[in-house]
Amino acid sequence: MALLLVRRLPLRLRTGAGVQRAMLVTGAALTALFVLTAALGPLLAPHGYAQLQDGHGLFGSQQQPDAAHPLGTTIAGYDVLSRTVWGARTTLLIILAALLLSVVPGTVLGLASGYLGGRLDRLLVGLADALYAFPPLLLAIVMSLVISGGRSGLVGGLGAAACSVAVSFVPQYFRVVRAEVIRVKAEPFVDAARVIGAGPWRIMTRHVLRNSVRTLPLIFTINASEAILTLAGLGFLGFGIEPNSAAEWGYDLNRSVADVTSGIWWTAVPPGLGIVLTVLGTTLLGESLTDLADPRLRRRTGAPARAVERGGDDD
């Protein structure tokens, strides 16, 4: 499914409406910029995320942007540019952790529930409904307190945020996969597999599963923004990752609140822009891919272009 969407991107750029084309291009560009920054963080960042000095001595607190520190330094003496770049790596880690902890359980439970049915199906549907009652951020705070007393290292902070996001995401993937499994298991090719003697496990994994997970990449692309905001919310409230364990945009934004009232803008703008642009990019990309995967939307957006072409031929 993901490869098919990638192949359709050039066609989407040619036939999509102006606003939809702009959303796709903007979302893809911002997301690519975020991923490249996270992947190349050690090469792009001039200093380490917890580095306070170099060969010339201490960086200094709240230093204005200059040649040595293009975005200045924080109140604790960290280089703002380095913290912002390293923060992208932490954000990418939370997205990957949330993917692992939510997509896999949600898919397995949805497959079993939709295919087997019965009491197991009713029980899992009830649990999925109950999990919707847990706010992700509140759950993340509780998990942070349980895991590390509210003062988290990289593993503890990412674990608390990823687990809380996964609890919110698992019911979504469960419901999507379950609905698709119920539809697919009634298809003729599944009945044919039963007739030739295929066992339930083989039918579930070889025939039903591969035809029931095509929309999951689209859902996760949209949900990635919620994972980013949960991690940032933890850091802003003081329950996130300690600065000497990893760089995190929410923590840096919290520490810069007092600076803004003093006219020191350079400590707050970079991490704030990092959060806003990353969430905006993943959201726009997810919405655009959803439109791309919907045949009805493709026909609707492609109709004006075809009508114009036919009108030109008639002339």
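Conventions used here
Residues numbered from 1 in each chain as written. Predicted model: local features only at pLDDT ≥ 70, side-chain atom pairs only at ≥ 80, totals over all residues. Heavy atoms only, no water. Helix = DSSP H or I, 4+ residues; strand = E, 2+ residues; numbered from the N terminus. Buried < 20%, exposed > 50% of the residue type's maximum accessible area, 1.4 Å probe, protein only. Axes fitted to C-alpha atoms, helices over the stretch in contact; angles between N-to-C directions. Left-handed = near helix turned anticlockwise from the far one by under 90°. Contact = heavy atoms within 4.5 Å. Nonpolar A, V, L, I, M, F, W, Y, C, P; charged D, E, K, R; others polar. Phe/Tyr/Trp six-rings, centres within 6.5 Å; stacked < 30°, edge-to-face > 60°. Lys NZ or Arg CZ within 6 Å of the ring centre and 35° of its normal. Arc of directions from axis to C-beta. Core = buried A, V, L, I, M, F, W, Y, C linked by side-chain atoms within 4.5 Å.

Q: How should the environment of Gly 157 be read in this particular structure?
A: Among the structural elements, Gly 157 can be located in helix α7 (residues 154–184). You can call Gly 157 buried: its relative accessible area is 3%. Taking the C-alpha atoms as reference points, Gly 157 and Gly 235, separated by 78 residues in sequence, lie 8.8 Å from one another.

Q: What should I look at first to understand the packing of helix α8 (residues 188–195) against helix α9 (residues 200–208) in this one?
A: The angle between the axes and the distance between the axes are what describe a pair of packed helices. Orientation of α8 relative to α9, taken along the N-to-C sense of each, is 145°, at an axis distance of 11 Å. Considering only the axes of α8 and α9, their crossing is right-handed. Contact with α8, carried on its side by Phe 189, Val 190, Ala 193 and Arg 194, involves Ile 203, His 207 and Val 208 of α9 and no other residues of that element. Classifying every residue of the contact of α8 with α9 by side-chain character gives five nonpolar, one polar and one charged.

Q: Mind showing me how you'd approach the packing of aromatic side chains here?
A: The geometry of an aromatic ring pair is captured by the separation of the ring centres together with the interplanar angle, meaning the angle of the planes. Scanning the model with the defined rule gives three aromatic pairs in all. A ring pair is formed by Phe 169 and Tyr 173, whose centres lie 6.4 Å apart and whose planes are at 85°; its orientation type is edge-to-face. Within this pair, Phe 169 and its partner Tyr 173 are both found in helix α7, separated by four residues, close to a single helical turn. On the basis of relative accessibility, which here comes to 0%, the residue Tyr 173 falls in the buried class. A centroid spacing of 5.9 Å and a plane angle of 85° characterise the contact between Trp 265 and Trp 266, whose relative ring orientation is edge-to-face. Stacked on the ring of Tyr 78, the Lys or Arg Arg 83 has its end atom at 5.1 Å from the ring centre.

Q: Just checking my understanding: could you explain α9 for this structure?
A: Two residues of an α-helix separated by three or four positions point the same way, owing to the 3.6 residues in each turn. All of the buried residues in α9 are Ile 203, Met 204 and Val 208. Seen from one end, α9 has its buried residues packed into an arc of 100°, which puts them on one side. Elements that come into contact with the buried residues of α9 comprise α4 (80–116), α7 and α8.

Q: Could you clarify how one ought to interpret the nonpolar core in this entry?
A: Burial of nonpolar side chains together is a common tendency in soluble globular proteins. Of all hydrophobic cores here, the largest spans 40 residues; its most connected members are Ile 94, Ile 95, Tyr 173, Ile 203 and Val 208. Elements that contribute at least two residues to this core include exactly α2 (18–39), α4, α6 (136–148), α7, α8, α9, α10 (216–236) and α13 (269–293). Each residue touching Ile 203, except ones within four places of it in the same chain, is listed here: Tyr 115, Val 190, Ala 193, Arg 194, Ala 198 and Val 208.

Q: In this structure, what is going on with the packing of α4 against α7? I would like to understand it.
A: In contact at an axis separation of 5 Å, α4 and α7 are set at 35° when each is read in the N-to-C sense. Considering how the two elements wind past one another, α4 and α7 form a crossing that is right-handed. For the contact of α4 with α7, the per-class residue count stands at 24 nonpolar, seven polar and one charged.

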